[in-house]
Amino acid sequence: MSKDFRIAPSILSADFSKLGQEVEDVIKSGTDLVHFDVMDNHYVPNLTIGPLVCDAIRDLSHKAGALIDVHLMVKPVDRIIPDFAKAGADIITFHPEASDHVDRSLAMVRELGCKSGLVFNPATSLSYLDHVMDKVDMILLMSVNPGFGGQKFIPETLEKLKQARARIDAYEEKTGRKIWLEVDGGVNPDNIAEIAKAGADTFVAGSAIFGKPNDADANRYNTVVGKMRDALATV
Ligand code: DX5
Ligand code: ZN
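Residues numbered from 1 in each chain as written. Chains lettered and ligands numbered in written order. Predicted model: local features only at pLDDT ≥ 70, side-chain atom pairs only at ≥ 80, totals over all residues. Heavy atoms only, no water.

> What is the right way to read the coordination of the zinc ion (ligand 2) from this model?
Each donor-metal-donor angle would ideally measure 109.5 degrees in four-coordinate tetrahedral geometry, or 90 or 180 degrees in six-coordinate octahedral geometry. All of the protein donors around the zinc ion (ligand 2) are His35 (NE2), Asp37 (OD), His71 (ND1) and Asp184 (OD); their distances to the metal are 2.0 to 2.3 Å. One can describe the donor arrangement at the zinc ion (ligand 2) as octahedral, given that its six donor atoms subtend angles of 70 to 170° at the metal. Positions of the donor residues of the zinc ion (ligand 2) along the chain correspond to the pattern H-x1-D-x33-H-x112-D. Highlighted residues: His35 in strand β2 (residues 33-39) and Asp184 in strand β7 (residues 180-184), separated in sequence by 149 residues. Relative accessible area serves as the criterion here: at 0%, His35 is assigned to the buried category. (Donors = N, O, S within 2.8 Å, 3.2 Å for Na, K, Ca; no water. Tetrahedral: all angles 85-135°; square planar, octahedral: opposite > 155°, others 65-115°. Helix = DSSP H or I, 4+ residues; strand = E, 2+ residues; numbered from the N terminus. Buried < 20%, exposed > 50% of the residue type's maximum accessible area, 1.4 Å probe, protein only.)

Right under this line is the structure:
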């Protein structure tokens, strides 16, 4: 069965002292999206990067052929969405608990020309999707609690992925429109095939990719990304 799988390196685990080079090299290794984790020390207990950094990597990401996948872990979301749209985001996802008006926030992302998506924490119900499928381009399931890279994959996510996949397939059958199913947290070459079998088509990986050998070789990410592709080819 031939499938369309996407790998989304999370730059949270990249070397920020040479971020541009990191982004170029990881895209060159055959990845599709640049996963951009935005944390506010309020919705999650960590503080990361904002629109300024998104703007700084937009041209090199797009030139190299990758989309910028902005994962907002901030509350509230509406104030900051336009800033990321302006800063070159292609996809903007947010957590439904972080918006008082989920339908409005999703619509805002689309109106600004980006793909929109909802993110589900491990304990968050998929029922948030019940009335907004038409406004969603991507569903992101967290397989760790958000806030930090380098955590362990929570196995219960596999069952939840199957449920999300069933919703997406039923929706696609009815409307013909595709929705991507992304998974985020603890993904590595050893578990990626099992995660794909459960229904994911888009895979965020931070520490598994960037935590590897830190030499200056521009091809340094080929091995780990190649292992992920090989594992996906078995699905
Ligand atoms: C966690 C972030 C993830 C994180 C993944 O809150 O949303 O994107 O960077 O890192 P790994 O792959 O190391 O679990
Ligand atoms: Zn993320």
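Next comes the rest of the description.
> What is the right way to look at the packing of aromatic side chains in this model?
Counted under the stated rule, the structure contains three aromatic pairs. Both rings, one in Phe5 and one in Phe203, keep their centres 5.7 Å apart while their planes meet at 65°; by these two values the pair is edge-to-face. In this pair, Phe5 sits in the segment before β1 (6-9) while Phe203 sits in strand β8 (residues 202-205), placing the two residues 198 residues apart along the sequence. Among the residues examined, Phe203 registers a relative accessible area of 1% and is labelled buried. Judged by centre distance (6.1 Å) and plane angle (70°), the rings of Phe36 and Phe84 are edge-to-face. Separated by 48 residues along the polypeptide, Phe36 in strand β2 and Phe84 in helix α3 (residues 81-86) bring together distant segments of the chain. (Phe/Tyr/Trp six-rings, centres within 6.5 Å; stacked < 30°, edge-to-face > 60°.)

> Help me understand the side chain of Asp137 in this model?
With respect to the helices and strands, the residue Asp137 is situated in the loop between β5 (115-120) and β6 (138-142). Classification of Asp137 by relative accessible area gives buried; the value is 13%. Polar side-chain contacts of Asp137 include one of 2.9 Å to the side chain of Arg110. Once residues lying within four places of it in the same chain are set aside, the contact partners of Asp137 are Arg110, Lys115, Ser116, Arg177, Lys178, Ile179 and Trp180. (Polar contact = N/O pair within 3.5 Å; in protein donor to acceptor, adjacent residues only side chain to side chain. Contact = heavy atoms within 4.5 Å.)

> Explain the pairing of β7 to me, please; I cannot follow it from the model alone.
The side chains of a regular strand alternate between the sheet's two faces. Burial analysis of β7 places four of its five residues in the buried class, which makes it a mostly covered element. The pairing of β6 with β7 spans five bridges and is parallel. Residue pairing across strands places Ile139 opposite Leu181, the latter belonging to β7. Read as a crossover between parallel neighbours, the route from β6 over helix α5 (residues 157-175) to β7 is right-handed. Two elements, β7 and β8, share three bridges in a ladder whose sense is parallel. When the bridges of β8 are listed, Val183 appears paired with Phe203. This β-α-β element, β7 to helix α6 (residues 192-197) to β8, shows right-handed connectivity. (Pairing = 2+ DSSP bridges. Right-handed = clockwise from strand over helix to strand, strands pointing away.)

> Which parts of the structure should I look at to understand the sheet that holds β7?
Strand pairs in the sheet, formed through backbone hydrogen bonds, run parallel or antiparallel to each other. Reading across from one edge, β1-β8-β7-β6-β5-β4-β3-β2 is the order of the eight strands in this open sheet, with parallel pairing throughout. On the outer flanks of this sheet lie β1 and β2, each paired with one strand and no other. Averaged over all adjacent pairs, the angle separating strand axes in this sheet is 25°, with direction ignored. One ladder, built from seven bridges, connects β2 with strand β3 (residues 67-73); its direction is parallel. Pairing of Met39 across the sheet is with Met73, part of β3. With respect to the sheet, helix α8 (residues 222-233) is in contact with β1 and β8, its orientation differing from that of β1 by roughly 150°. (Axes fitted to C-alpha atoms, helices over the stretch in contact; angles between N-to-C directions.)

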